[in-house]
Amino acid sequence: MPELPEVETIVRDIRPAVVGRTVMRASLSHIDVLRGVTRPALLRGLAGMRVDDLFRRAKHAVFDFGERRLVVQPGMTGALLVYDRPLDDEEARYAVLRATLDDGRTLVYRDVRRLGTLLWLDARGWTAYDAAIGPEPLANDFTTDAMRAAVGRTRQSIKKALMDQKLVAGVGNIYANEALFASGIDPSREAARLSVTEWAALHRELRRILSAAVSGRGSTVRDYRTGTGAKGKFQLSLLVYGREGEPCVRCSTRLAGTHALDARITVFCHRCQA
Ligand SMILES: [Zn+2]
């Protein structure tokens, strides 16, 4: 699933093309991506609405229409694209949501496997949605102390805690693995038991890696595409994710891979991460 850097990249790419535009009409190919809204309610609601803003929250793109917000959570194969020409057959086939804008362009949520979700929230719904998600790790007020207060109050492993959207927003398997390697912390350590020095290192490395990944336009490990349809570049800078069995870049020990911590692969170096 696209994480913070990938969704941030998509949002930055399509933002200039959609903010200030009005949706003339919309269509939806499948209803299985909808959460808490029916097709008629969504399509009726979108028609005539102006996009006041587009921003990212956690791993989601949020189209702000003033009184309503459309929250797009791109799944593994989800992408947001803006076309200034008619869609070809392949593009049309996987276009789940299509919105014709007042300048003639088409905003498309594309999702081959339809693992993503769309939410259509009023002010109250937005407040509840936003309150259920933890702080943004790249926000100015996300200090080491703020991180420790948010992520360090659980007895779960630090890896699971980092990926828990209720504790901190936007971090998934790729960047949790990378941040723990860079800060030299064993992913299985209990979050509540990290030392002050370790929190400082993890905070610094998580923010450094997420920022670098945004600059690198995200990591294309499989299906992720930017808002222009291109691949990201940051996969070339990943030091542990996808490298189990390969030598550690620091000490040459073979990197270990385990599914014991959560359902996802955890890759780490026994020697560098304590
Ligand atoms: Zn190592």
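Let us look at the structure shown here. (Residues numbered from 1 in each chain as written. Predicted model: local features only at pLDDT ≥ 70, side-chain atom pairs only at ≥ 80, totals over all residues. Heavy atoms only, no water.)

**So, the coordination of the zinc ion**
The protein atoms that coordinate the zinc ion are C248 (SG), C251 (SG), C269 (SG) and C272 (SG), at distances of 2.3 to 2.4 Å. Considering all four donor atoms around the zinc ion, angles at the metal cover 100 to 114 degrees and the coordination shape is tetrahedral. Between consecutive donor residues of the zinc ion, the sequence gaps follow C-x2-C-x17-C-x2-C. Placement of the pair is C251 in the loop between α8 (196-215) and β10 (256-258) and C272 in the segment after β11 (266-268), with a sequence separation of 21 residues. With relative accessibility at 22%, the residue C272 sits in the partly exposed group. (Donors = N, O, S within 2.8 Å, 3.2 Å for Na, K, Ca; no water. Tetrahedral: all angles 85-135°; square planar, octahedral: opposite > 155°, others 65-115°. Helix = DSSP H or I, 4+ residues; strand = E, 2+ residues; numbered from the N terminus. Buried < 20%, exposed > 50% of the residue type's maximum accessible area, 1.4 Å probe, protein only.)

**Things to note about the environment of D262**
The topology assignment puts D262 in the loop between β10 and β11. Sequence-wise, D262 and S157 are 105 residues apart; in three dimensions their C-alpha atoms are separated by 9.3 Å. Contact partners of D262, with chain neighbours within four places excluded, come to K159, K160 and M163. A polar atom in the side chain of D262 sits 3.0 Å from the side chain of K159. Of the polar contacts made by the side chain of D262, one reaches the backbone nitrogen of R264; its length is 2.8 Å. (Contact = heavy atoms within 4.5 Å. Polar contact = N/O pair within 3.5 Å; in protein donor to acceptor, adjacent residues only side chain to side chain.)

**Some remarks on the nonpolar core**
The biggest cluster of nonpolar side chains holds 32 residues, and the ones touching the most others in it are F63, L70 and L118. Counting residues per element, the ones that place at least two in this core are α1 (4-18), β1 (23-28), α2 (39-46), β4 (60-64), β5 (69-73), β7 (95-101), β8 (106-111) and β9 (117-121). The dominant element in this core, judged by the number of residues it contributes, is α1, at five residues. Other than its neighbours up to four places away in sequence, L70 contacts L42, L46, A61, V62, F63, F65, L97, L118, L119 and W120. Core analysis: the second largest hydrophobic core is formed by 31 residues, L162, L167, V168 and F234 among them. (Core = buried A, V, L, I, M, F, W, Y, C linked by side-chain atoms within 4.5 Å.)

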